[in-house]
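Below are the chains, spelled out letter by letter.
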Amino acid sequence: MTDWLPLSPAERSVAIEVLVHGPLSRTGLARRLGLSQGSLTRLTKPLIESGLLVETAEADGGAQARQGRPSRPLGVVADSCSFLGFKITADRVYGVVTTLRSEVLARLDRPLTGHDPDAVADVVARLAAGLARGRPDPAGLGIGVGGLVRERAVVADSPFLGWRDVPLAALVRDRTGLPVVVENDVAALTEAETWFGAGRGLDRFAVLTIGAGLGYGLVLGGRRVPFAEEGRAPGRYWIVDPHGPLTPDGTRGSAVAMLTIPGIEYQIRAATGRDVGYEDILTGAAAGEPMAARVVGEAARALGVLVAQIANFALPQKILLAGEGVGLMDVAGVTVHETVRAHRHPLAEPVDLETKVSDFHDWARGAAVLAIQVLVLGEGRV
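Bear in mind that the values here come from a model prediction, so they are computed numbers and not experimental data.

## With respect to the overall build of the chain
A count of helices and strands for the chain gives 13 helices and 15 strands. The C-alpha radius of gyration computed for the chain amounts to 23 Å, which stays within 12% of the reference 21 Å derived for 382 residues, consistent with globular compactness. For the chain, the proportion of its 382 residues judged to be buried stands at 52%. The contacts of the chain with a sequence gap of at least 6 include a subset with a gap of at least 24, amounting to 61%.

## Things to note about the sheet that holds strand E9 (residues 163–166)
Read from one edge of the open sheet, three strands run E7-E8-E9, paired in antiparallel fashion. One side of each edge strand has no neighbouring strand; the edge strands of this open sheet are strand E7 (148–150) and E9. Mean inter-strand twist for the sheet, computed between neighbouring axes without regard to direction, equals 20°. As defined by bridge partners, E7 adjoins strand E8 (residues 154–158) across three bridges and the pair is classed as antiparallel. Bridging from a neighbouring strand, Leu148 pairs with Asp157 of E8.

## Here we look at the pattern of salt bridges
Counted under the stated rule, the structure contains 18 salt bridges. Note that Arg152 and Glu183 form a salt bridge whose closest N and O atoms lie 3.3 Å from each other. Taken together, the residues span a long stretch of sequence, with Arg152 in the loop between E7 and E8 and Glu183 in strand E10 (residues 180–184) at a distance of 31 residues. Judged by relative accessible area, Arg152 falls into the partly exposed class, the value being 23%. Residues Asp203 and Arg204 are paired through a salt bridge, measuring 3.9 Å at the closest nitrogen-oxygen approach. Several salt bridges converge on common partners, so that one network encompasses Arg152, Glu183, Glu191 and Arg224.

## Brief notes about helix H7 (residues 185–196)
For an α-helix, 3.6 residues make a turn, and residues three or four places apart therefore share a direction. Compared with an ideal rise of 1.5 Å per residue, which puts 12 residues at 16 Å, H7 spans 16 Å between its outermost C-alpha atoms and is within 8% of the ideal. Counting buried residues along H7, 12 of its 12 residues qualify, which places the element largely inside the surrounding structure. Inspection of H7 places Asp185, Val186, Ala187, Ala188, Leu189, Thr190, Glu191, Ala192, Glu193, Thr194, Trp195 and Phe196 among the buried residues, and these make up the whole buried set. Where H7 begins, the side chain of Asn184 points an oxygen toward the backbone nitrogen of Val186, at a separation of 3.0 Å.

Scoring rules and cut-offs
Residues numbered from 1 in each chain as written. Predicted model: local features only at pLDDT ≥ 70, side-chain atom pairs only at ≥ 80, totals over all residues. Heavy atoms only, no water. Helix = DSSP H or I, 4+ residues; strand = E, 2+ residues; numbered from the N terminus. Rg over C-alpha atoms; globule rule 2.2 N^0.38 Å. Buried < 20%, exposed > 50% of the residue type's maximum accessible area, 1.4 Å probe, protein only. Contact = heavy atoms within 4.5 Å. Pairing = 2+ DSSP bridges. Axes fitted to C-alpha atoms, helices over the stretch in contact; angles between N-to-C directions. Salt bridge = Lys/Arg side-chain N within 4 Å of Asp/Glu carboxyl O. Expected span 1.5 Å × (residues − 1). Polar contact = N/O pair within 3.5 Å; in protein donor to acceptor, adjacent residues only side chain to side chain.

Have a look at this one:
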């Protein structure tokens, strides 16, 4: 446990503001939090003495600096402790170790030979030991899993792993001795982007992921909106083209059918009888192969409709498109943007659509941010 815990609610608000938005001058910090200079001094003194906050060497260049009394902005001691994050896929576990500001220090991954929960927990524990070696003792461990997670501890339903009601947090805690938090992987990624990424400082922000599955996260008032069905594949019932293709489960024209990697690969297999990988399909579309071009073009239009619907109803300031399937934008990005405009009011502001090329270690970083949040917020861990 770090020397600067526990924090009072007021101290916690100061620490979070500096952690996410710092370094900040005392004047700027007081203004952001609506505090008097006296109150801010009272709150920051113990945080500085405990080693959580530090006065940086950089002057803020404001009025005080011009009058010869430079203000030393407050920042966090990012390497005061480390955090572990893991993303579990159907065939591999990806892990990272980060600083307090989610800067990745190292990454590792290991294959899974099966989905037995104890065996998977063993793999996570071995990776945790390897990542922590030679670094400050980890303050917490986060895990992201595709599926429905209950109470940030139990994997209630994961179709990728075939799990039902697996107490993953307890299994990993017993093996590592660390505080553990488990969450849906898209929720973890959304939290990471809200605190340290594309959504930092935004009031309204949305994350859309395409890959093995399809995920959606929404931030309102600067906070992620949780919902009971998170992780239950809402894209399976998000119909973007009622005349679109069928999937093996018979859902016609859904976002899952038209946008996920398995859905796109299934369409090519159904049409040609050949198994073709996603990257090869994109390459074929770029080269003008008729079938690949048709499927990828339909996927691009489906993505444009989906982005427009999110923009029209959630009104986000930015939409982040992430996941291992974002290569679609490289091949058919023009079609995506044209479709977005076609499904928006002619005078509407352009949608701020940011694409993030990411791998599974980025998802693991998102899980590490969960551990950072749990420590700083002081809640929600096993």
